Amino acid sequence: MPKPPDSLWWATRDDDATIRPPLSGSVDVDVAIVGGGYTGLWTARELLAVDPTLRIAVVEAHVCGFGASGRNGGWASALFPVSDDVLERRFGYETLQHLHRQLASAVGDLGDAIARDAIDADFVHGGTYTFATTEPQEHRLRDAAKSAAESGRGGEMQWLEQAALRERANVANSRGGLFSPQCARIHPAKLVRGLARAVERAGGRIYEDSLVTRIEAGTHRRRPRVVTTGGTVSAEFVVRATEAFSTGLPGERRTVAPIYSLMIATEPQDETFWSQHGFDDYATFADDRHLIIYGQRTADNRIAFGGRGAPYHFGSSVEPRFDHSPRVFDLLLTTLREFFPDLRGGYDYAWGGPLGMPRDLMPSVWVDYESGLAAAGGYTGDGVVLSYLSGRIMSQLLTTPSTPTADTTLPFVQRRSRHWEIEPFRYVGINAGLTLAAWADRVEEHRQVESRASGLLDRLFDQFPP
Ligand SMILES: Cc1cc2nc3c(=O)[nH]c(=O)nc-3n(C[C@H](O)[C@H](O)[C@H](O)COP(=O)(O)OP(=O)(O)OC[C@H]3O[C@@H](n4cnc5c(N)ncnc54)[C@H](O)[C@@H]3O)c2cc1C
């Protein structure tokens, strides 16, 4: 069984991750969940909060937290993978505002849910900074703050001039930037491991080391089933919560594209460093480049810093060797040193993992009441809060299907994205998109003018109906 990569998070988790016994024989429950990441575990936890008598089984191929949930950047943010412009065009202004409200409160709700189960996940609701590190970034971020103010959401996004920003978050290469209060910092692995224990305390069963080889739809004669080499679970509903790893299941090869994001963690930085740079509120940070980067000051005063840039692998393959790329790790360290030239040491940890990107970038939570099959995921890189919200939505769809709520009326509920193209078109298209994003950043950095590639990238994902 593959082990999770040697990340900072796995090395500093708060349990020994002893593997739970695998599924063996036939089991019958009310809800079977495939995947022991945030989506699967929040679905289980929220269902048990609504009805503690429900019989729930979570079936995980490796250990809970093996996937992106145990390896991510620890941004619990109100970010959504699709841009506001596209969302407004597809769903209208009211729906967009509704989505913003639900996402904003979901950051705090996640904190409350973690507190309800006394999970110590280093959750600090300190907000997030987006630094402008080039002139085009400065234009875009000032515009974003202006439009937020015009639509009555100025409190969500505030432009700070260079001097004011340096008082709070002092990085070498910023020309000013945005502050948003809508983000909390977490320790990803402590969250997912603590959540698994909370599910068990609430009465859920978790089977680890249990690779699901098939999910079978229910018929009028038989309940839907989850099949592993060691056993089966039949249930009223089967929820697939396998995100980027979905591509290994029959029929799911083109549901999402696994995109790799890689991370490094520095050694702990001393008091002099932090008194120079601030980040006293543990706000997360990024800039506005196209090839996304993300950072956080950890509880033990390191910087955990990640970014995209690793290639997409042909055929949507997901393999442990793709979690490492010395080239990308070195690039990340170089970029981090541009923010913090006095950074001490190199990196103590370096790792990566796949996230699930749907063809139109829209996440989805759906239930098919006929077949008893359901699924949630496709958050691209914004799944920490979205997976919590999706678990909550899934529990509402399963327990009170005919009662619409503020959650179940969100635009990503009861919809599915179209499939990705077949190979080699997928491989060529995604890697061309990644190259274009990197090229746009280089142009903007060297010429200080907005690259035309930005418009092309937006159009690439905006040509498909919801
Ligand atoms: C490096 C990195 C950094 C990221 N940073 C952030 C961030 O800062 N903020 C943010 O919001 N999001 C971030 N994300 C995305 C976020 O981590 C994910 O969206 C989220 O964790 C998805 O949770 P999940 O439970 O849906 O999927 P996962 O955590 O990937 O869990 C899926 C689980 O399903 C299991 N599984 C798959 N197939 C099977 C099968 N056949 N049988 C049984 N089990 C199976 C897997 O083993 C895995 O444990 C990042 C992702 C990565 C990779």
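Residues numbered from 1 in each chain as written. Predicted model: local features only at pLDDT ≥ 70, side-chain atom pairs only at ≥ 80, totals over all residues.

1. Some details on the site of the ligand
Around the ligand sit 45 residues, and of these G35, G37, G67, G73 and G383 come closest. Going through the elements one at a time, α2 (38-50), β4 (75-77), β14 (257-266), β18 (347-357) and α10 (383-399) are the ones with two or more residues in the shell around the ligand. Among the elements that line the shell around the ligand, the one with the most residues is β18, at 4 residues. For the shell around the ligand, the class distribution of residues is 19 nonpolar, 22 polar and 4 charged. (Near = placed C-beta within 6 Å. Helix = DSSP H or I, 4+ residues; strand = E, 2+ residues; numbered from the N terminus. Nonpolar A, V, L, I, M, F, W, Y, C, P; charged D, E, K, R; others polar.)

2. Overview of the domain arrangement of the protein
Often, the extent of an interface is quoted as the loss of accessible area on bringing the components together. Assigned domains within the protein: domain 1 (126-181 + 260-357) and domain 2 (425-460). The distance between the C-alpha centroids of domain 1 and domain 2 comes to 19 Å. Taken together, the contact between domain 1 and domain 2 spans 12 residues of the former and 15 residues of the latter. Taken together, the residues that form the side of domain 1 that touches domain 2 break down as 5 nonpolar, 5 polar and 2 charged. (Domains from an automatic or database assignment. Contact = placed C-beta atoms within 7 Å.)

3. Description of helix α9 (residues 326-339)
Over its 14 residues, α9 extends 20 Å from the first C-alpha to the last, a length consistent with the 20 Å expected when each residue adds 1.5 Å. Restricting attention to buried positions, one finds in α9 the residues V328, F329, L332, T335, L336 and F339. Taken down its axis, α9 places every buried residue within 125 degrees of arc, on the same side. In α9, the exposed residues that point more than 90 degrees away from the buried face are P326, R327 and T334. Each element contacted by the buried residues of α9 is listed here: β14, β16 (293-297), β17 (303-307) and β18. (Expected span 1.5 Å × (residues − 1). Buried ≥ 20, exposed ≤ 12 C-beta atoms within 10 Å, placed from the backbone. Arc of directions from axis to C-beta.)

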